[in-house]
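# Descriptive structure summary
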Amino acid sequence: MTQVHFRYATVDGRRLFYREAGDPAEPAIVLLHGFPTSSFMFRELIPRLAADYHVIAPDHLGFGLSDAPSAGEFAYTFDALTDLTAGLLAQLGVRRYAIYVQDYGAPVGWRLALRDPAAVAAIVTQNGNAYEAGFVPSFWEGVWAYHKDRNPETEDAMRQALTRESIRWQYLTGVPDETLVDPTAWEHDVALVSRPGNDAVQLDLFSDYATNPLLYPRLHEYFRESQVPLLAVWGRGDEIFGPDGARAFATDLPDAEIHLLDGGHFLLESAVDDVAALMRNFLAKHSW
């Protein structure tokens, strides 16, 4: 039976929670979660990887069981989340690793790769966007408007994303059989984003998301120059990051492996065995 350890580390004065499994002597995989979840989203994937890899899955600051200082106390940006993730990996002595990115985990992972390209041995992106083509306009127009002008009207639209109905929608949309998705997952997220003050944390990150597409030209140059091995495994029914976002990786990485699976934004909830099998096959081809 795989043992998963639940640990805390203090980085720059902030207490970060992370899940860890596998032998530290094995190649490392860093799992980076999205909004509005946490490393909880990897609870079924970690045991499927830990026999052959050293798996580390942190909670971003403000998410899951990590510290959640108020938005007045900490400036929540994707640069700041990346700083903390890099600090955690340095503290754990993890210098070269593969990354698995989903949703918010993608801009953190991309920043890690741009800061230290030699550290990233391979990339698995599961509905983790890196191209304009991936944005589904009906979802993102509110985010762009909020970044451009934070006012009561644009803020109200963003606050809708924090409701139980919206979070449930993220989990179920595009899933062929909704009964495969455990309601515990979205209820877990709802409880955490409903903590007093966490709404302001999430609003700051919604606004800062607009900084991520500005990195795309540099990111695409990194892809072209490094030809980093990349597996895109995507829920084809995602109405946040559509399947064109997966196909776009082939523009700069012609050898990218791209798989569109039946499922939605949180593909692991309904297709974890399929994702794990594709990952194991992909990672076995690339040693580090």
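Here the structure is shown first, and the text comes after it.
Here's what I pulled together on the structure shown here.

Definitions and limits used
Going along each chain's sequence as written, the residues are numbered from 1 onward. Residue-level local features of this predicted model are given only where pLDDT is at least 70; pairs of side-chain atoms are given and counted only at 80 or more, and the full residue set underlies all totals for whole chains, interfaces and linings. Side-chain measures here rest on the full set of heavy atoms in the structure, leaving out hydrogens and waters. Ring pairs shown here join Phe, Tyr and Trp side chains whose ring centres sit within 6.5 Å, with only the six-membered ring taken for Trp; geometry is labelled stacked below 30 degrees between planes, edge-to-face above 60, and tilted in between. The buried label goes to any residue with under 20% of its type's maximum accessible area, the exposed label to any with over 50%, and the partly exposed label to all in between, with areas taken from a 1.4 Å probe on protein chains only. Whether a charge sits over a ring comes down to the Lys NZ or Arg CZ being within 6 Å of the ring centre and within 35 degrees of the ring normal. When DSSP finds two or more bridges between two strands, those strands count as paired. The helix and strand labels rest on DSSP assignments: H or I over at least four residues marks a helix, E over at least two residues marks a strand, and numbering proceeds from the N terminus. Working convention: axes come from line fits to C-alpha atoms, limited for helices to the stretch in contact. Angles between N-to-C directions cover 0 to 180 degrees. Here, two residues are considered to be in contact whenever any of their heavy atoms come within 4.5 Å of each other. By nonpolar core is meant a set of buried Ala, Val, Leu, Ile, Met, Phe, Trp, Tyr and Cys residues that side-chain atoms within 4.5 Å join together. Should a side-chain nitrogen of Lys or Arg be within 4 Å of a carboxyl oxygen of Asp or Glu, the pair is scored as a salt bridge.

Before going further, it helps to spend a moment on the packing of aromatic side chains. Under the counting rule described, the total for this entry stands at 31 aromatic pairs. Residues Phe74 and Tyr76 carry aromatic rings whose centres are separated by 5.0 Å and whose planes lie at 70° to one another, so their mutual orientation is edge-to-face. You can call Phe74 buried: its relative accessible area is 13%. Aromatic pair Phe135 and Trp140: ring centres 5.0 Å apart, planes at 70°, arrangement edge-to-face. By the burial criterion, Phe135 is buried, and Trp140 matches it. Sitting over the ring of Tyr8, Arg15 keeps its end group 3.6 Å from the ring centre.

This part covers the sheet that holds strand S4 (residues 54–58). To summarise the sheet geometry, strands pair through backbone hydrogen bonds and adopt either a parallel or an antiparallel arrangement. The strand order S1-S2-S4-S3-S5-S6-S7-S8 describes an open sheet built from eight strands, whose pairing is mixed. Of all strands in the sheet, those with a lone pairing partner are strand S1 (4–11) and strand S8 (257–261), marking the two edges. Put simply, the sheet's adjacent strands are angled 20° from each other on average, direction ignored. For strand S3 (residues 28–32) and strand S5 (residues 97–101), the ladder comprises five bridges, and the chain directions are parallel. Across the sheet, the residue bridging to Val30 is Ile99, located in S5. Along the sheet, helix H3 (residues 105–115) makes contact with S3, S5 and strand S6 (120–125), crossing S5 at roughly 155°.

Here we take up the nonpolar core. Counting residues in hydrophobic clusters, the biggest one holds 63 residues, and the most contacted among them are Tyr97 and Phe223. Not counting chain neighbours up to four residues away, the residues in contact with Tyr97 comprise Ala28, Val30, Leu89, Leu112, Ala119, Val120, Ala121, Ala122 and Trp288. One finds Val55, Tyr100, Val272 and Met279 within the second-largest nonpolar core, a separate group that totals 29 residues.

Summed over the entire model, instances satisfying the criterion amount to 15 salt bridges. In this structure, the salt-bridge partner of Glu257 is Lys285, at a minimum N-O distance of 3.0 Å. Residue Glu257 is found in strand S8, and its partner Lys285 is found in the segment after helix H12 (268–284); the two are separated by 28 residues along the sequence. Taking relative accessible area as the criterion, Glu257 reaches 18% and is therefore assigned buried. Each of the salt bridges in this network shares a partner with another, and the network as a whole consists of Glu44, Arg48 and Asp273.

Right, let's talk about the environment of Ala200 for a bit. By secondary structure assignment, the location of Ala200 is in helix H8 (residues 198–208). Ala200 sits 81 residues away from Asn281 along the chain, and the two C-alpha atoms are 41 Å apart.

Here we come to the side chain of Ser207. Among the secondary structure elements, Ser207 is positioned in helix H8. For Ser207, a relative accessible area of 9% gives the class buried.

These values are about where atoms sit, not about what they do.
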